Amino acid sequence: VSETRGGKAFGLLKARQERRLAEINREFLCDQKFSDEENLPEKLAAFKDLMSLKRMMEKLGVPKTHLEMKKMISEVTGGVSDTISYRDFVNMMLGKRSAVLKVMMFEGKANEGSPKPVGPPPERDIASLP
């Protein structure tokens, strides 16, 4: 019974987030400042998808920037589209085309334990350069 309640609560939360994103998109669509923006509805839909994907990645413990998300989507779609379907997403997570995602997850894990270097990089002479 608790799983059913949890599932319903999650569904309600997701629906509320979707409505909020749709409301924000409507504000932009009605704003005269953006009236001359080419393909505005398509761009806003893509941004909404990116935000949903970003939230999902954050829940998986892999927060990503907008550009990293676009790179991942481009990897999946071959650069043909700015959005991916749920089917594409599942294929990406399970299939061979998840190279970018795996690298991103690896980077996230690798960066957790190692402190960032502080100060200027050590000096190197010309002979040591690749």
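Note: the structure precedes this text.
These notes cover the structure that comes with them. Please read these numbers as outputs of a predicted model, since none were measured by experiment.

The rules behind the values
Residues numbered from 1 in each chain as written. Predicted model: local features only at pLDDT ≥ 70, side-chain atom pairs only at ≥ 80, totals over all residues. Heavy atoms only, no water. Helix = DSSP H or I, 4+ residues; strand = E, 2+ residues; numbered from the N terminus. Buried < 20%, exposed > 50% of the residue type's maximum accessible area, 1.4 Å probe, protein only. Contact = heavy atoms within 4.5 Å. Areas by Shrake-Rupley, 256 points an atom, 1.4 Å probe, with all protein chains shown as cover. Polar contact = N/O pair within 3.5 Å; in protein donor to acceptor, adjacent residues only side chain to side chain. 1 Å grid on protein atoms, 1.4 Å probe; cavity = no way out; pocket = protein on both sides within 12 Å on 5 of 7 lines; lining within 4 Å. Points joined across faces, edges and corners; volume = space filled by probe spheres on them. Nonpolar A, V, L, I, M, F, W, Y, C, P; charged D, E, K, R; others polar.

**Quick word on the overall build of the protein chain**
Regarding its fold elements, the protein chain presents 5 helices and 0 strands. Scored against the burial criterion, the 130 residues of the protein chain give a buried share of 17%. Put simply, 39% of the contacts in the protein chain that link residues at least 6 apart link residues at least 24 apart. By element, 59% of the accessible surface of the protein chain is carried by carbon and sulfur atoms, the whole surface being about 10300 Å².

**Digging into the side chain of Thr-77**
Along the chain, Thr-77 turns up in helix H3 (residues 66-77). In terms of polar contacts, Thr-77 uses its side chain to reach the backbone carbonyl oxygen of Ser-81, at 3.2 Å. Discounting residues that sit within four places of it in the chain, Thr-77 has contacts with Thr-83 and Ile-84.

**Focus on the layout of surface pockets**
There is about 450 Å³ of room inside the largest pocket. What lines the largest pocket is a set of 19 residues, and nearest its centre among them are Lys-14, Asp-49, Ser-52, Leu-53 and Met-56. Contributions of two or more residues to the lining of the largest pocket are made by helix H1 (2-30), helix H2 (40-59) and helix H4 (86-94). Grouping the constituent residues of the lining of the largest pocket by class yields 10 nonpolar, 3 polar and 6 charged.

**Considerations on unusual backbone geometry**
The backbone of Asn-39 sits at a positive phi, close to 55°, despite the residue not being glycine. As for its position among the elements, Asn-39 is in the loop between H1 and H2.

**Let's talk about the side chain of Asn-25**
By the secondary structure assignment, Asn-25 is in helix H1. We classify Asn-25 as buried; its relative accessible area is 14%. Non-local contacts of Asn-25, meaning those with residues more than four positions away in its chain, are made with Leu-44, Ala-45 and Lys-48.

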